[in-house]
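# Structural overview
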Amino acid sequence: MPHPDRWGWADAERLIDNETRVARDMKKSSKSARLNIDGKEFDLPVFSPTCGPDVLDIRSLYGDADVFTYDPGFTATAACNSTITFIDGNDGILLHRGYPIDQLAEKSHFLEVSYLLLYGELPSAEQLEDFEGRVTLHTMLHEQMVNFFRGFRRDAHPMAIMVGVVGAMSAFYHDSTDVTDPWQREVASIRLVAKMPTIAAWAFKYHIGQPFVYPRNDLDYASNFLRMCFSVPAEEYEVNPIFSRAMDRILTLHADHEQNASTSTVRLASSSGANPFACIAAGIACLWGPAHGGANQACLEMLREIGSVDRIPEFIDRAKDKDDPFRLMGFGHRVYKSFDPRARVMKQSADEVLGLLGIEDNPTLQVAMELEKLALEDPYFKDRRLYPNVDFYSGIILDALGFPTSMFTPIFALARTVGWISQWKEMIADPQMKIGRPRQLYVGHGMRDYVDVESR
Ligand code: SDX
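For the structure given in this document, a descriptive report is provided here.

Parameters and conventions
Residues numbered from 1 in each chain as written. Predicted model: local features only at pLDDT ≥ 70, side-chain atom pairs only at ≥ 80, totals over all residues. Heavy atoms only, no water. Pairing = 2+ DSSP bridges. Helix = DSSP H or I, 4+ residues; strand = E, 2+ residues; numbered from the N terminus. Phe/Tyr/Trp six-rings, centres within 6.5 Å; stacked < 30°, edge-to-face > 60°. Buried < 20%, exposed > 50% of the residue type's maximum accessible area, 1.4 Å probe, protein only. Expected span 1.5 Å × (residues − 1). Contact = heavy atoms within 4.5 Å. 1 Å grid on protein atoms, 1.4 Å probe; cavity = no way out; pocket = protein on both sides within 12 Å on 5 of 7 lines; lining within 4 Å. Points joined across faces, edges and corners; volume = space filled by probe spheres on them. Nonpolar A, V, L, I, M, F, W, Y, C, P; charged D, E, K, R; others polar.

## Considering the sheet that holds strand β5 (residues 55–56)
Taken in spatial order, the three strands of this open sheet run β1-β4-β5, and their pairing is antiparallel. Across the chains shown, the open sheet's two edge strands, defined by having one partner strand only, are β1 (27–28) and β5. Strand direction decides the pairing type here: β1 and strand β4 (residues 46–48), joined by two bridges, are antiparallel. Within β4, the position partnered with Lys28 by the bridge is Phe47.

Written out as structure tokens, the structure is:
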């Protein structure tokens, strides 16, 4: 366990103390809610947020009225209270600790946004230096973990490797698995933020049969990741500053996003007291799905399959056909019913990167822009308020940076790790925290007696 002064953890003590003291007060709303069930009335407390809709507190409903609420997919359910990220789906607003994502993407950088998500405030220059120093000193993996990578088939998807290796961290970093110890929570948080680029890069290197490249302490976070992915022992590798800025911006845009499916998975897994490495591995597994983080890979593959703007109508018709499982990947969102603010920044970044690389006539970008235009003019998409999401343009940039589509979701996971960790820390430190255990609407058989096989 690193000692505070030896590892530049001076700031950590104050931050940990600060976190464990925070008990978030919920503000009663001026509104009231009365539920009438068969003539019996039940008053439900209503709480008001800083921004967004009020919430009905139904915690006593089952005990008082012997009924459950029903909300598959949690489309209208607040599973927790949180101070980290706010999304307004109608106005396309995304705030991290109150700061708009477009300002953070333009003026900040990934590790500074990581500090903001983890500790609640933008750091001073000294605090940022201390934090970056702590992350830099934890980027290497336990050397024995190399054996884990070598156990996979070469054609294993990098996400399969990441799920396995991150889960296996529980078997290596025993001194940061006790979630009841704030100090161990802090050490695990820094280890995960620091080591994910190395894990993602090594999953890529193993996948393509090239030797692992070790992190360097003289490079910034994004540059270190790019070098671990693209440098080879046979020659020097200079990080292109355009690439590292674009990479850093992509990481910033993916850092956190309220209670999305993978974050909710991390919270639910963590609510049993499981160790942070196992819980982040669960989040990676959930993110992999094509309806979630896997959409960035599926979207670029779809744009390539479309191939040219004259084939776009065919694919739009398929997306509208209820008998065809095809959906426009990178389109639609559970929360955003207007523009995903991240997609707007990502589109600007795609234009900038491709322009600086002299490939602004990139056919995939042309298809993406025409597809967006035609879809947004189509009543099917307009009526359902389906807009491009964060995954629609990100793949175009990652492709321009030289990544294969199989690395798109691992990069999403690498970025989202700080969001998962921030949400995990907030939940574990919450005095109201209890194990997550949803109920159900049971529609199976009523009780019946066993029938011997002779009588069946
Ligand atoms: C991410 O939650 C988050 O915050 C996630 C995320 C994050 O940062 O963590 O933002 C990251 O996961 C972004 C989403 C990436 N996924 C995709 O791009 C995959 C394609 N999109 C869809 O699968 C869909 O839009 C979802 C899964 C994103 C949202 O689905 P919902 O909210 O459950 O909406 P729905 O499936 O109920 O769709 C409503 C209607 C349906 O039509 P009807 O039944 O009303 O006739 O819209 C249709 C759907 O068929 N629809 C689409 C569509 N998305 C929804 N039709 C065609 N193409 C699409 N992409």
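Alright, that's what it looks like, and here's the rest.
## Observations regarding the packing of aromatic side chains
Throughout the structure, instances matching the rule amount to 21 aromatic pairs. Centre to centre, the rings of Trp202 and Tyr214 are 5.1 Å apart; their planes meet at 80°, and the pair counts as edge-to-face. In this pair, Trp202 sits in helix α8 (residues 182–208) while Tyr214 sits in the loop between α8 and α9 (221–230), placing the two residues 12 residues apart along the sequence. Note on Trp202: relative accessible area 1%, which makes it buried. You can call Tyr214 partly exposed: its relative accessible area is 35%. Ring geometry for Phe315 and Phe326: centres 5.8 Å apart, planes at 70°, overall edge-to-face. A residue pair is termed long-range when its members are at least 10 positions apart, and Phe315 in helix α14 (residues 312–320) and Phe326 in the loop between α14 and α15 (341–356) qualify at 11 residues. Members of the aromatic cluster, joined through ring pairs, are Phe331, Tyr380, Phe381, Phe392 and Tyr393.

## A short note on α15
Given a rise of 1.5 Å per residue, 16 residues ought to cover 22 Å, and the 23 Å separating the end C-alpha atoms of α15 matches this to within 8%. Three or more residues of α15 are buried, namely Pro341, Arg342, Ala343, Val345, Met346, Ser349, Ala350, Val353 and Leu354. Next to the buried residues of α15 lie β7 (93–96), α3 (101–107), α10 (241–253), α16 (363–377), α18 (391–400) and α19 (408–428). Phi turns positive, to about 70°, at Gly358, one or two residues after α15.

## A word on empty space enclosed by the protein
Counting across every chain of the model gives one cavity of 30 Å³ or more. For the largest cavity, the calculated volume is near 30 Å³. Lining the largest cavity are Ile242, Arg245, Ala246, Arg249, Ser349, Glu352 and Val353. If you list the elements that add at least two residues to the lining of the largest cavity, you get α10 and α15. Residue classes in the lining of the largest cavity are distributed as three nonpolar, one polar and three charged.

Any functional reading would require information beyond the geometric quantities listed.
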